[in-house]
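Residues per chain are reported as follows:
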Amino acid sequence: MSNPVTIASFTSNFDMKYILFKEMLDEAGIRYMLVNEITSTVDGIYRGSPTNIGIELRVMEEDVAEAIEIFNSIK
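Residues numbered from 1 in each chain as written. Predicted model: local features only at pLDDT ≥ 70, side-chain atom pairs only at ≥ 80, totals over all residues. Heavy atoms only, no water.

Novice: Mind showing me how you'd approach the sheet that holds strand β2 (residues 32-35) here?
Specialist: By definition, the strands of a sheet pair up through backbone hydrogen bonds, in either a parallel or an antiparallel sense. Ordered by their spatial adjacency, 3 strands build an open sheet running β1-β3-β2, and the pairing between neighbours is antiparallel. Both outer strands of the open sheet, β1 (4-10) and β2, are each paired with one neighbouring strand and no more. Taken over all neighbouring pairs, the strand axes of this sheet differ in orientation by 30° on average, direction set aside. Of the strand pairs in this sheet, β2 and strand β3 (residues 55-60) are connected by 4 bridges, and their pairing is antiparallel. Along β3, the bridge assignment pairs Met-33 with Arg-58. Together, β1 and β3 form the strand contacts of helix α3 (residues 64-73), whose direction differs from that of β1 by roughly 15°. (Pairing = 2+ DSSP bridges. Helix = DSSP H or I, 4+ residues; strand = E, 2+ residues; numbered from the N terminus. Axes fitted to C-alpha atoms, helices over the stretch in contact; angles between N-to-C directions. Contact = heavy atoms within 4.5 Å.)

The following block contains the structure:
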């Protein structure tokens, strides 16, 4: 069974690299999951929330090499 692997972390869902990376993964047919996307978005609204929460983008083990290649192609 394949396990999800964190490929990249982002501080905001408004980060252009984050948006572009997701679009490129979609185009390549690579499925991904996002961890802390909602929590990171509401961080500025709720003063009591932790400020070090980042959005983690994860792909399955068999897609790691291709996902890293895509991520590294974004400048």
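Novice: I keep staring at unusual backbone geometry and nothing clicks. Help me out?
Specialist: Among all residues save glycine, negative phi is the norm, and among peptide bonds the norm is trans. For Asn-36, which is not glycine, the phi torsion reads 75° and is therefore positive. Tracing the backbone through its elements, the reader meets Asn-36 in the loop between β2 and α2 (37-42). On the accessibility criterion, Asn-36 (29% relative accessible area) is partly exposed. (Buried < 20%, exposed > 50% of the residue type's maximum accessible area, 1.4 Å probe, protein only.)

Novice: Would you mind showing me how to read the nonpolar core here?
Specialist: In globular proteins that are soluble, nonpolar side chains generally tend to be buried together. In this structure, Ile-7, Phe-10, Phe-21, Leu-25, Leu-57 and Val-59 are the most contacted members of the largest nonpolar core, which totals 15 residues. Elements represented by at least two residues in this core include exactly β1, α1 (16-28), β3 and α3. A per-element tally of this core places α3 first, with 4 residues. (Core = buried A, V, L, I, M, F, W, Y, C linked by side-chain atoms within 4.5 Å.)

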